[in-house]
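# Chains, contacts and geometry: an overview
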Amino acid sequence: MSSQGSSFVSGFTRLCKGLAVVLVGGYAVVRFFPPAVTYLALIPARTIPFAWNLITAGYIEQSLLEVAVSVIALLFVGRLLEPIWGSKEFFKFILVVNFLTSVCIFITAIALYYITRQESFLYTPLSGFHGVLSGFLVGIKQIIPDQELGVLKIKAKWMSSLVVLVSIVVSFLTPDSLTYLPTVIFGTYMGWIYLRYFQNRPETHLRGDPSDEFSFSSFFPEFLRPVLDPIATVFDRMLCQRSDVSSEAKGHTLGDTPLPGSDPIEASRRRERGARALEERLAAEKASGTGTSKDPTLIDATENV
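Right, let's walk through the structure included here. (Residues numbered from 1 in each chain as written. Predicted model: local features only at pLDDT ≥ 70, side-chain atom pairs only at ≥ 80, totals over all residues. Heavy atoms only, no water.)

### Digging into the overall build of the chain
Scanning the chain for helices and strands turns up 12 helices and six strands. The 305 residues of the chain split such that 44% are buried. (Helix = DSSP H or I, 4+ residues; strand = E, 2+ residues; numbered from the N terminus. Buried < 20%, exposed > 50% of the residue type's maximum accessible area, 1.4 Å probe, protein only.)

Written out as structure tokens, the structure reads:
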């Protein structure tokens, strides 16, 4: 029993365990020293001069349930994404998505105040790791889009869209939607922006993922895509200055040469790598649970990529 428990804990990456300690520590600080929320959470009216809360707010949970969900989700999602992306890129993703999400929330809160003149938009403490968690769902969509997850067997490519949709629906039923809805929406969008245009991908010698399977319209049902694709093309040109998509290849091109990563074959290989990494990890854990001496931590997940 003790060996199985230790292997379960050791299966989580060192980086994720360190970040989990940060989340628990942040909760402990605001729990036992409530005035610390003023300096660590994002309060738009006080962000200037306390600009550091654009960074710290994402690592501060204000309830025990929130910190428990964030820690568990971080540990388990990290076991999938970090070996595939690499620790450096995984950590960079968290930093960038957290910061950009906070910036977007700050701008939105200021705009809503000037529109409504409600001071609650300026003085409500906003914080939480759920923006980064929303971005993680986008990463899972990229790696294993056709993998069925959960009891309901929902494909991974729809998880991020469903979380945003459910958050919007719930916002009409709860009075405190400001504390979570903008974070979920911007976390999802910033996660996609980073993975789509800026993530380092050594296997293609390219930044980002320009494949059609990871386009903005892929988050929406098929019948909406003809409307969304022309709008998304504008952002494509603004962010990466790519030329028009070839109607024959149906991929991004630069002059007459297809951009690496836009090839459907390469996109398929990326999905296969993600699915293979997940399947082998689950098989290793199953073998460990049945008494096999093989420790899943001895399997180097990077070999599956």
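Anyway, onward from the coordinates.
### Topic: the pattern of salt bridges
Per the stated rule, a full pass over the model turns up two salt bridges. Between Lys157 and Asp146 there is a salt bridge, with its nearest N and O atoms 3.8 Å apart. With a gap of 11 residues between them, Lys157 in the loop between β2 (154-155) and α9 (159-171) and Asp146 in the loop between α8 (130-143) and β1 (148-149) connect regions that are remote in the sequence. What makes Asp146 partly exposed here is its relative accessible area of 45%. As a salt-bridge pair, Glu222 and Arg225 come within 3.1 Å of each other at their nearest N and O atoms. Of the residues examined, Glu222 reaches a relative accessible area of 57% and is grouped as exposed. (Salt bridge = Lys/Arg side-chain N within 4 Å of Asp/Glu carboxyl O.)

### What to know about the nonpolar core
With 50 residues, the main nonpolar core has Leu74, Leu81, Phe129 and Phe136 as its most contacted residues. Looking at this core, the elements with two or more residues in it are α2 (14-32), α5 (64-85), α6 (87-116), α7 (120-123), α8 and α10 (181-198). Ranked by residue count, the leading element in this core is α5, at nine residues. With near-sequence residues (within four places) excluded, Leu74 lies in contact with Cys16, Leu19, Ala20, Leu23, Phe90, Phe129, Leu133 and Phe136. (Core = buried A, V, L, I, M, F, W, Y, C linked by side-chain atoms within 4.5 Å. Contact = heavy atoms within 4.5 Å.)

### A short note on the side chain of Ser177
Within the secondary structure layout, Ser177 lies in the loop between α9 and α10. Non-local contacts of Ser177, meaning those with residues more than four positions away in its chain, are made with Ser171 and Pro182.

### Some thoughts on the packing of aromatic side chains
For the structure on display, the rule yields 18 aromatic pairs. Between Phe50 and Trp52, the aromatic rings sit 5.1 Å apart at their centres with planes inclined by 35 degrees, giving tilted as the arrangement. Of the residues examined, Phe50 reaches a relative accessible area of 21% and is grouped as partly exposed. Between Phe93 and Phe136, the ring centres sit 5.8 Å apart and the planes meet at 20 degrees, which makes this aromatic pair stacked. Within this pair, whereas Phe93 is found in helix α6, its partner Phe136 is found in helix α8, the two being separated by 43 residues in sequence. Judged by relative accessible area, Phe93 falls into the buried class, the value being 0%. On the basis of relative accessible area, Phe136 is assigned to the buried category, the value being 1%. (Phe/Tyr/Trp six-rings, centres within 6.5 Å; stacked < 30°, edge-to-face > 60°.)

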